[in-house]
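Fold and geometry: a report
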Amino acid sequence: MGTQYWHLTIEERFELARLYTEGHSVCQIAASLDRSPSTVARELKRNGSKTQGYQPSYAQQQARARRWRGSRLDRDPCLRDEVLVRLRAGWSPQQVAGRLALESGRTVISHETIYRFIYAQIRRTKDYRWRYYLPRAKSKRGWRGRKGGSPASFIAHRRRLSERPHEAADRQEPGHWEADLMLFGNHGQVLLIMTERCSRLLAVARLPGKAAQLVAQAMAKILAPFPTHWRRSVAFDNGTEFAQHYQLHQLGVETFFCDVRSPWQKGAVENRIGRLRRFLPRRTDLSACSDQQFIQLTKADNNTPRKSLGYLTPSEFYSNQMLHLKCESTFLLSR
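Residues numbered from 1 in each chain as written. Predicted model: local features only at pLDDT ≥ 70, side-chain atom pairs only at ≥ 80, totals over all residues. Heavy atoms only, no water.

1. As for the side chain of histidine 176
This is how the line gets drawn: In DSSP terms, a helix is any run of H or I states spanning at least four residues, a strand is any run of E spanning at least two, and both are numbered starting from the N terminus. Only protein chains enter the accessibility calculation, which uses a 1.4 Å probe. A residue is then buried if its area is under 20% of the maximum for its type, exposed if over 50%, and partly exposed in between. Under the rule applied, a polar contact is a pair of N or O atoms within 3.5 Å (in protein, one hydrogen donor and one hydrogen acceptor; residues adjacent in sequence only if both atoms are side-chain atoms). Residue contacts follow a heavy-atom distance rule, with two residues in contact if any of their heavy atoms lie within 4.5 Å.
When you line up the elements, histidine 176 lands in strand E3 (residues 176-183). Note on histidine 176: relative accessible area 1%, which makes it buried. A distance of 2.7 Å separates the side chain of histidine 176 from the side chain of glutamate 173, its partner in a polar contact. At 2.6 Å, the side chain of histidine 176 forms a polar contact with the side chain of serine 233. The residues touching histidine 176, leaving out its near neighbours within four places in the chain, are Pro165, Ala168, Thr195, Glu196, Arg197, Arg232 and Ser233.

Below you can see the structure in the form of structure tokens.
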């Protein structure tokens, strides 16, 4: 077995400083710390000062600085380029780390390392453009509280989210959707965002306004092409733009509403809107965006891997489910 060596701890450095100040010799200090005299002598030579003496806190910082070789992404340019390309495509650090692990069959890098690299670049360079590599483009970590009301009393045939089938809660059964509107600075520019809880599929529709009739018609148009078992329910917040939700009942779709002031209960679509803001900030002029751009944006999101899907993409997951159903149906018919 090889010789093992442990670096001096901060407690040992404080004790060394005390003994050294009291005039003890190197051998006496080494015996007190149960260290070799060469270790103590080297520590005093490296981190001591003729004018300031031996400062344990400064010595600890110096020791850490000598061992620091830069972050993983600083030391591996190829990996850094691969990570940054995927971040530019709208992937989160967790999605990048998970997909690399899925493709390599082993852990390549952690999402925390990627986050630390981005925030370190902001601190070192003072270039806040680095934040745009992150889904929410935040230059600092943390949550910001929000306030808001809810006109729930104006919505007819309203059912609480707690009445939704229990199968929807664990995301194991497909067909349970969440919907919300994405608003912009220019009046009348609205996007309808719908996401399916099991597969995380995203659907986007551009609307000329947020009138309840328009919203209900757009949701029906999105859901109609799906098989019956892929359109079981939709969850909303309490905005009056969803007041005509009951029109979806004609498609066999049940509708449910979050509790008052609790939009977080439909967290899937809230999260998706937050990620889309990276590409469509509130100041965006939708009139300058073509339908093809929205199609490409939706495709890109549906082809982004998800940790909850084992780093498959929503499109891959949906295709696998439909293929499995097709094979299962063919087997039953053959009997």
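Once you've had a look at it, read on.
2. Here we look at the nonpolar core
Note the following rule: To qualify as a nonpolar core, a set must consist of buried Ala, Val, Leu, Ile, Met, Phe, Trp, Tyr and Cys residues joined through side-chain atoms within 4.5 Å.
Counting residues in hydrophobic clusters, the biggest one holds 25 residues, and the most contacted among them are Leu192, Met194, Met219, Val234 and Phe236. Looking at this core, the elements with two or more residues in it are E3, strand E4 (190-196), strand E5 (202-207), helix H9 (212-223) and strand E6 (233-236). With five residues, the top contributor of residues to this core is H9. Setting aside its immediate chain neighbours within four residues, leucine 192 contacts Asp180, Leu181, Ala203, Val204, Ala205, Leu207, Val215, Ala218, Met219 and Ile222. Core analysis: the next-biggest nonpolar cluster, separate from the first, contains 18 residues, Leu84, Leu87, Trp91 and Ile114 among them.

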